[in-house]
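Examination of the molecular architecture
Read off the chains here:
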There are 2 protein chains.
Amino acid sequence: MEDLAPAAAYGHKLPAAMQAFGIVTPCRRGQQIYAREDPVDSWYHVISGLARKSTVFSDGRRRIVDFLVPGDFFGFSARRERDFDVEAVTDGTVVAAFPRRRLEALADTDRDVARLLRDLACETISRLQGRILILGRVTAMKKVGAFLVEMARRSHDATVVDIMLTMSRYDIADYLGLSVETVSRAMTVLQHRRCIELRGNHLIKILRLEELD
Amino acid sequence: MEDLAPAAAYGHKLPAAMQAFGIVTPCRRGQQIYAREDPVDSWYHVISGLARKSTVFSDGRRRIVDFLVPGDFFGFSARRERDFDVEAVTDGTVVAAFPRRRLEALADTDRDVARLLRDLACETISRLQGRILILGRVTAMKKVGAFLVEMARRSHDATVVDIMLTMSRYDIADYLGLSVETVSRAMTVLQHRRCIELRGNHLIKILRLEELD
DNA sequence: CGTAGTCTTGAGTATCCTCAACGAGGGTGG
DNA sequence: CCACCCTCGTTGAGGATACTCAAGACTACG
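The structure presented is a predicted model; accordingly, all values stated were derived computationally and were not measured. Throughout, a residue's number is its position along its own chain's written sequence, starting from 1. Chains and ligands are labelled by the order in which they are written, letters from A for the one and numbers from 1 for the other. The predicted nature of this model means local features are confined to residues of pLDDT at least 70 and side-chain atom pairs, given and counted, to a pLDDT of 80 or more, with totals for whole chains, interfaces and linings taken over all residues. Values reported for side chains reflect all heavy atoms of the structure, with hydrogen atoms and water molecules removed beforehand.

**A closer look at the packing of aromatic side chains**
Residue and element names in this part refer to chain A.
- A pair of aromatic rings is counted whenever rings of Phe, Tyr or Trp (Trp by its six-membered ring) have centres within 6.5 Å, and the orientation is called stacked for planes under 30 degrees apart, edge-to-face for over 60 and tilted otherwise. By the definition in use, this model includes 20 aromatic pairs over all chains.
- Ring geometry for F67 and F147: centres 6.4 Å apart, planes at 55 degrees, overall tilted. On the criterion of sequence distance, the pair formed by F67 in strand β5 (residues 62–68) and F147 in helix α5 (residues 140–154) is long-range, its members being 80 residues apart.
- Accessibility here uses a 1.4 Å probe with only protein chains present; expressed as a share of the type maximum, an area under 20% marks a residue as buried, one over 50% as exposed, and anything in between as partly exposed. The exposure class assigned to F147 is buried, which follows from its relative accessible area of 0%.
- Members of the aromatic cluster, joined through ring pairs, are F21, W43, F73, F76 and F98.
- Any Lys NZ or Arg CZ that is within 6 Å of a ring centre and within 35 degrees of that ring's normal is treated as a charge sitting over the ring. Across the ring face of Y34, the terminal group of R82 is positioned such that the distance to the ring centre comes to 3.9 Å. Here a strand is any run of E in DSSP of at least two residues, a helix any run of H or I of at least four, and the numbering for each starts at the N terminus.

**Quick word on the relation of the copies chain A and chain B**
- The least-squares superposition of copies is restricted to C-alpha atoms, and to residues with a pLDDT of at least 70 in both copies. When chain A is brought onto chain B, the operation consists of a screw motion whose angular component is 180 degrees and whose axial shift is 0.0 Å, with 0.1 Å RMSD remaining. Expressed as an axis order, the relation between the two copies is that of a two-fold axis.
- For this analysis, residues touch if any pair of their heavy atoms sits within 4.5 Å. Both copies share a contact surface, since 100% of the interface residues of chain A are interface residues in chain B too.

**Some points on the pattern of salt bridges**
All names here are of chain A.
- Definition used for salt bridges: Asp or Glu carboxyl oxygen within 4 Å of a side-chain nitrogen of Lys or Arg. Summed over the entire model, instances satisfying the criterion amount to 30 salt bridges over all chains.
- A salt bridge links R127 to D72; the shortest N-O distance between them is 3.4 Å. Of this pair, R127 sits in helix α4 (residues 111–136) while D72 sits in the loop between β5 and β6 (73–74), and the two are 55 residues apart along the sequence.
- D72 sits in the buried class, given a relative accessible area of 11%.

**Examining the protein's contact with DNA strand D**
- We call a residue near a molecule or strand whenever a single non-hydrogen atom of that residue lies within 4 Å of it. If you check the shell around DNA strand D, you find 19 residues, and the closest are R169, R185 and T188 of chain A together with A140 and T182 of chain B.
- Each atom of DNA strand D within 4 Å of the protein belongs either to a base or to sugar and phosphate, the latter forming 65%.
- We call two N or O atoms a polar contact when they sit within 3.5 Å, provided that within protein one can donate a hydrogen and the other can accept it, with sequence-adjacent residues counted only if both atoms are side-chain atoms. N201 of chain A has a polar side-chain atom sitting 3.4 Å from a sugar or linking oxygen of DNA strand D.
- One nitrogen or oxygen atom from the side chain of R61 of chain B is found 3.0 Å from a phosphate oxygen belonging to DNA strand D.
- Secondary structure elements with two or more residues in the surface near DNA strand D: α6 (169–176) and α7 (180–192) of chain A together with α7 (180–192) of chain B.
- Here the element with the most residues in the surface near DNA strand D is α7 of chain A; it accounts for four residues.

**A few points about the side chain of R118 of chain B**
- Counting through the fold element by element, R118 of chain B comes out in helix α4 (residues 111–136).
- We count Lys and Arg on the positive side and Asp and Glu on the negative side, and we leave His and both chain ends out. No salt bridge forms around the buried R118 of chain B; measuring N to O, its nearest opposite-charge neighbour D108 of chain A is 4.3 Å away.

**A few points about the state of the cysteines**
- Cysteine sulfur atoms that pair up within 2.5 Å are treated as a disulfide. The full count for this structure, using the stated rule, is zero disulfides over all chains.
- C122 of chain B supplies the cysteine sulfur nearest to C122 of chain A, a cysteine that is in no disulfide, at a spacing of 10 Å.
- Overall, the relative accessible area of 2% leaves C122 of chain A in the buried class.

**Details of the interface of chain A and chain B**
- The interface is formed by 36 residues belonging to chain A together with 39 residues belonging to chain B.
- Between chain A and chain B, a total of about 3800 Å² is buried, with carbon and sulfur atoms accounting for 62% of that surface.
- Across the chain A-chain B interface, the total number found is three salt bridges.
- Of the charged contacts, one joins E123 of chain B and R79 of chain A as a salt bridge, the two residues approaching to 4.0 Å between their closest N and O atoms.
- Along the contact surface separating chain A from chain B lie six residue pairs in polar contact (both at pLDDT 80 or more).
- Put simply, the parts of the chain that give the side of chain A that touches chain B at least two residues each are β4 (51–56), β5, α3 (100–109) and α4 of chain A.
- A total of 18 residues in the side of chain A that touches chain B trace back to one element, the largest contributor, which is α4 of chain A. Two parts placed together each lose some accessible area under a 1.4 Å probe, and the buried area is that loss summed for both.

**Thoughts on the pairing of strand β3 (residues 42–48) of chain B**
All names here are of chain B.
- For β3, the tally of buried residues reaches five of seven residues, placing the bulk of the element in the interior.
- For two strands to count as paired, DSSP must find a minimum of two bridges between them. Here six bridges tie β3 to strand β8 (residues 93–99), and the two strands are oriented antiparallel to one another. Counted as the bridge partner of W43 is F98 from β8.
- With two bridges connecting them, β3 and strand β6 (residues 73–74) associate as antiparallel partners. Looking at the pairing, Y44 lines up with F74 of β6.

Structure (structure tokens):
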């Protein structure tokens, strides 16, 4: 029952001149899309599924910098090498790659494309700033609550109450800077307070959104 | 690990066509540059001093999303309203404001400006991602250490060892998501370990950079 | 020189992490 | 089809870390 709707919803927003040379690639769970130190030679668009941008600290801890959902762009960088790894979280994650040179050449001649790229970069900035606010929350409960609200907002379903959390609890922990156990405990507390309802481990229904924030 | 600070890369070579209509404004300590809910009608460039981008949570806690040093651009947004406040931290902070419409019109006709704006947005993305990694650090010591390293890198002095931390400990605490007391304690511990040397409250000399990370 | 804001230090407490064990689900091979 | 394994998720106990509250020292500035 993987959501296919968002792909259709966002695909058509791209200018035809851009879509023409997007290289669509389906990925398996865990498959790497790019790695640290790779050359920055493409920009990417998530068509379906979920991807995670992460890095590993010297002490072995992994930090997830960003989750990428359908409609998100990623891979923006003014540098020559990647700072992070990006992997598909689920089977059936589909991304389109846009060769950087061609895309920038297109932006040079097509002002709509240039504007789109600017807007997409600005969207990324907004997302990361929101992310920083989540990390700035004090308690684990607040962090997990804010995370759920963020994911509800970003899931492109019309209903904001049902969230499909395809990522694992470990991913969530590495995203929020908490231990898996703390994430798990926060979830059960939220459930007992009847703020959320868990149906299986990954389908979550939000009952009282205002309490989460 | 990262490329040079944006200050070095862009600070002194804005295209003449852009500089022509930048509105230069000196600010006093604490003076607001823009506020939440303000219309997004300008982009900004820090010329000197220091600014902070922040928001206040419903529980009254302030979170600083970004410090802005000379050379940084800010105010990028694809939205209509601001999500954050930006204030000058020190007297003598000077920023240049670029009216959004004029700047975007210029970008439409001047591909160098268009590229510059893209690159600047990408720089902001890199900075925010680095920021997320700092917040993801586990202990307060690591956070403060990583903060000092970040500020050393971004200060546009050639010497990377002497940092002028013009912001208060409160600002640092709100930036790192710690209490002021914890920041203060971390500083004294780092000093006792002879990783840093404090001369006055705001001038810091880094003795052993590698230990901070 | 006084005052307000800033910085540091201390004591006690709450929160979260670590370590450990166990249960549930999915995939694989016999 | 079932047994097994492996990953994932949950729960518990104990300990470390950072927060809160409180007080005192220092600084900048009028």
